[in-house]
Amino acid sequence: MNRRYRKTIIAGNWKMNKTPTEAKALIEEMKPALSRCKWCEMVLCVPFTDIQNAVKAARGSKIAIGAQNMHFEKSGAFTGEVSADMLKEMGVKFVIIGHSERRQYFGETDISCNKKVKVALAAGLRPILCCGETLEEREQDVTMEVVRKQIKIALRDVAAEDIKKVVIAYEPIWAIGTGKTATAEQAGEVCSAIRDCLRELYGARAARAITVQYGGSMNAKNAAELLAQPDVDGGLIGGASLKAADFAAIVDAANQ
Ligand code: 13P
C-alpha cells in the first residue's frame, strides 16, 4: 500500500452466493466491525438480485455496493443482461469487469472488457478491471506479457481524466478459490509491472494514483503480508468476503 498517493480498497466479490435475505443479514453482521475502518474504502460486489437489500443494509456505513458484471449496451434485446444505467439507479458504485470466471465460462474478452469499462465510466460507475494469468502462462514465464495485453486492450481509449476512477485487480487464475495464494513477492512484482504499464499509458502522476488490488485466496492470515507490498493497494476477496469476521480481519489489516 502507499496511502500517500492512492486509496486502499478492500472489495468483496460474493460471486453466486447469498439470497437477498442472507445478503441483508451478512451486511448487518459486518457493519459494526467495519465501522473501525479508517483508511481504506470497502466495497461488496453482490449478485444483481441482492443489490437492493445490500444498498439498504449498507446505508449509514462506509460500505459501497458493487455489481459483478454489466452489459456494454445501453438497452435493447439482450435477454438476461443488465445495463450500467440500471446499476447506477440502484445505488451501485463499482462494477467488476472481466473477472476470470466470466472470461472462462461466459466468453468475456479483452475487447468486451474495453467496451464495458468505457460504458461503466460514462454511467458514473467505477470499474474494477480484472486481469491475471493461468498456471500454464506463469510456468511459461509470460505473466507480464499476458497482463499487459489484458490491461492495454481493456483500457484502450479510456480518457486520462477517467483513469483514476478505474481500479485494477490482479488475480492470478491459479490462486482463485484454490487456497493457493501468490506469495507477497509474486503479487508485488505483477502489481508493480501493472503500474509500469499504466505509467506508459497515462504518465507517472496518474499511474501512482491508481489503486491496484491483489485477488486470489486472500484471507485474514495472509492479507497483512500482501498489503505490505508497496504496489498492492487492496484486495478483491472471494471466499473470505462471505464471512463477516474474515472480511473484517482483512479490513483491519489494511488499516494498520
Ligand atoms: P477467492 O478469494 O475465493 O480465491 O476468490 C478470489 C476472486 O476471484 C475475487 O474476485
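Here, every reference points to the structure presented above.
A quick note: this is a predicted structure, and the numbers were derived from the prediction, not measured.

Caption draft 1: Molecular detail of the pattern of salt bridges. A complete count under the given rule lists 17 salt bridges for this structure. In this structure, the salt-bridge partner of Glu101 is Lys15, at a minimum N-O distance of 2.8 Å. Taken together, the positions of Glu101 in helix H4 (residues 100-106) and Lys15 in the loop between strand E1 (9-13) and helix H1 (20-34) put the pair 86 residues apart, joining distant regions of the chain. Taking the shortest distance from any N to any O, the salt bridge between Asp110 and Lys149 comes out at 3.0 Å. Here the residue Asp110 occupies a position in helix H5 (residues 110-122), and Lys149 occupies one in helix H7 (residues 143-154), the gap between them amounting to 39 residues. Asp110 gets classed as buried once you look at its relative accessible area, which sits at 9%.

Caption draft 2: Expanded view of the layout of surface pockets. What the largest pocket holds in volume is close to 360 Å³. What lines the largest pocket is a set of 15 residues, and nearest its centre among them are Lys15, Met16, Gln68, Arg102 and Phe106. When residues in the lining of the largest pocket are grouped by element, the largest group, four residues, is from H4. Class assignment of the residues belonging to the lining of the largest pocket gives a composition of seven nonpolar, five polar and three charged. Its volume calculated, the second largest pocket comes out at about 180 Å³. Along the walls of the second largest pocket sit 17 residues, with Gly177, Gly216, Ser217, Gly238 and Gly239 positioned nearest its centre. A per-class count over the lining of the second largest pocket returns five nonpolar, ten polar and two charged.

Caption draft 3: Region of the structure containing the site of the ligand. Not every one of the 13 residues close to the ligand is listed here, only the nearest: Lys15, His99, Glu171, Gly177 and Ser217. The separation between an oxygen atom of the ligand and a polar side-chain atom of Glu171 is 2.9 Å. The separation between an oxygen atom of the ligand and a polar main-chain atom of Gly239 is 2.8 Å. Burial of the ligand by the surrounding chains reaches 94%, relative to a free accessible area of 300 Å². Using a 2 Å cut-off from the grid points, one finds that the ligand occupies the second largest pocket. Of the residues assigned to the shell around the ligand, the class counts are four nonpolar, seven polar and two charged.

Caption draft 4: Geometry of the packing of H5 against H7. H7 packs onto H5 with a crossing angle of 45 degrees between their chain directions and a minimal axis gap of 7 Å. Considering the angle they form, H5 stands oblique to H7. Relative to H7, the crossing made by H5 is right-handed. Of the residues in H7, those touching H5 at Asp110, Ile111, Cys113, Asn114 and Val117 are Lys149, Gln150, Ile153 and Ala154. When grouped by side-chain class, the residues that make up the contact of H5 with H7 number five nonpolar, two polar and two charged.

Caption draft 5: Layout of empty space enclosed by the protein. Taken as a whole, this structure holds one cavity of 30 Å³ or more when the rule is applied. Size it by volume and the largest cavity reaches roughly 50 Å³. If you trace the largest cavity, you find it lined by Gly98, Ser100, Arg103, Cys130, Cys131, Gly132, Gln150, Glu171 and Ile173. For the lining of the largest cavity, the secondary-structure elements that each account for two or more residues are H4 and strand E5 (126-131). When grouped by side-chain class, the residues that make up the lining of the largest cavity number three nonpolar, four polar and two charged.

Caption draft 6: Looking closely at the sheet that holds strand E6 (residues 167-170). Judged by pairing direction, the barrel is parallel, and its eight strands sit side by side in the order E1-E2-E3-E4-E5-E6-E7-E8 before closing back on the first. Strand-to-strand twist of the sheet, defined as the mean angle between neighbouring strand axes without regard to direction, takes the value 25 degrees. Taken together, the two bridges between strand E7 (residues 212-215) and strand E8 (residues 234-237) define a ladder with parallel strand orientation. Along E8, the bridge assignment pairs Tyr214 with Gly235.

Parameters and conventions
Residues numbered from 1 in each chain as written. Predicted model: local features only at pLDDT ≥ 70, side-chain atom pairs only at ≥ 80, totals over all residues. Heavy atoms only, no water. Salt bridge = Lys/Arg side-chain N within 4 Å of Asp/Glu carboxyl O. Helix = DSSP H or I, 4+ residues; strand = E, 2+ residues; numbered from the N terminus. Buried < 20%, exposed > 50% of the residue type's maximum accessible area, 1.4 Å probe, protein only. 1 Å grid on protein atoms, 1.4 Å probe; cavity = no way out; pocket = protein on both sides within 12 Å on 5 of 7 lines; lining within 4 Å. Points joined across faces, edges and corners; volume = space filled by probe spheres on them. Nonpolar A, V, L, I, M, F, W, Y, C, P; charged D, E, K, R; others polar. Near = heavy atom within 4 Å. Polar contact = N/O pair within 3.5 Å; in protein donor to acceptor, adjacent residues only side chain to side chain. Areas by Shrake-Rupley, 256 points an atom, 1.4 Å probe, with all protein chains shown as cover. Sits in = over half its atoms within 2 Å of the grid points. Axes fitted to C-alpha atoms, helices over the stretch in contact; angles between N-to-C directions. Parallel < 35°, antiparallel > 145°, perpendicular 65-115°, else oblique. Left-handed = near helix turned anticlockwise from the far one by under 90°. Contact = heavy atoms within 4.5 Å. Pairing = 2+ DSSP bridges.

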